[in-house]
Amino acid sequence: MRTRAALVCAAAEVFDQVGYHGAGINRILATAGLTSGAMYFHFKSKEDLARAVMLEQASDLRLPAEPQGLQQLVDVTLTLAVELQSNTLLRAGVRLAVDQGGPALNDDSAYDWWAQRFRGELDVARERGELREDVDGSEFAEVLVAAFTGTQLKSQISAGWSDLPERIVSLWRYLLPGVASAEALPRIRVAPERGRQWV
């Protein structure tokens, strides 16, 4: 398991630096300090290794285990914004997920995982009366994943993610009035520093 983890970590580092097409197996193995035999014991190909990075992008994040509702959903997205600035595994997984020339071409499982995670928070928010009656939790979870993905991509291109927490705050300023109940809306706090509580 340590060998597999070392391969995923090294692959994340290389994919983060040069993308899927720029990453060669030899460079990944050199970064990991391992042989090709070690790699092929765990992964059939570079694509297989990239898919593991994509699917395990959140494995080293310290996010809360239990859904708590709308405030926690906001806080999770702000935490992701902060983590993308320095977390290589998350950044590489996100980069691979948006690279339509790589293994993500016909694989939306990383997006589905985040949508399910967000949906859990929205289900709790619904139970607590924090959502407007006309909000479909599944639909909004998909919208939020897409909006976050586009926002982080724009931030990456424009500022190397340095302004991503502020961009996510702006995103929520426009999204929250459309989903939060009138009672819950004044209670939801949206600020960049809320993204540092689990980092």
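Since the model is a prediction, treat every value here as computed from it, not as a measurement. (Residues numbered from 1 in each chain as written. Predicted model: local features only at pLDDT ≥ 70, side-chain atom pairs only at ≥ 80, totals over all residues. Heavy atoms only, no water.)

A. Examining the environment of Pro67 more closely. Relative to the elements of secondary structure, Pro67 occurs in the loop between α4 (46–55) and α5 (70–83). Assessed through its relative accessible area of 31%, Pro67 is described here as partly exposed. Sequence separation between Pro67 and Phe118 is 51 residues; the distance between their C-alpha atoms is 8.7 Å. Filtering out sequence-adjacent residues up to four positions away, Pro67 remains in contact with Gln72, Gly120, Glu121 and Val124. (Helix = DSSP H or I, 4+ residues; strand = E, 2+ residues; numbered from the N terminus. Buried < 20%, exposed > 50% of the residue type's maximum accessible area, 1.4 Å probe, protein only. Contact = heavy atoms within 4.5 Å.)

B. Structural view of unusual backbone geometry. In this structure, Trp161 takes a positive phi of about 70 degrees despite not being glycine. Looking at where Trp161 falls in the secondary structure, it is placed in the loop between α8 (137–159) and α9 (164–179). Trp161 sits in the buried class, given a relative accessible area of 9%.

C. Structural view of empty space enclosed by the protein. In total, this model carries one cavity of 30 Å³ or more according to the counting rule given. Approximately 180 Å³ is the volume found for the largest cavity. Counting residues per element, the ones that place at least two in the lining of the largest cavity are α6 (88–98), α7 (109–127) and α8. By residue class, the composition of the lining of the largest cavity is twelve nonpolar, three polar and no charged. (1 Å grid on protein atoms, 1.4 Å probe; cavity = no way out; pocket = protein on both sides within 12 Å on 5 of 7 lines; lining within 4 Å. Points joined across faces, edges and corners; volume = space filled by probe spheres on them. Nonpolar A, V, L, I, M, F, W, Y, C, P; charged D, E, K, R; others polar.)

D. Spotlight on α4. What α4 keeps buried is the set Lys46, Leu49, Ala50, Ala52, Val53 and Met54. On the buried face of α4, the contacting elements are α1 (2–22), α2 (25–32), α3 (36–42), α6 and α7.

E. Focus on the side chain of Asn87. Residue position: Asn87 is located in the loop between α5 and α6. A polar side-chain atom of Asn87 sits 3.2 Å from a polar atom in the side chain of Asp60. A distance of 3.2 Å separates the side chain of Asn87 from the backbone nitrogen of Leu89, its partner in a polar contact. Setting aside residues no more than four positions away along its own chain, Asn87 makes contact with Asp60 and Leu61. (Polar contact = N/O pair within 3.5 Å; in protein donor to acceptor, adjacent residues only side chain to side chain.)

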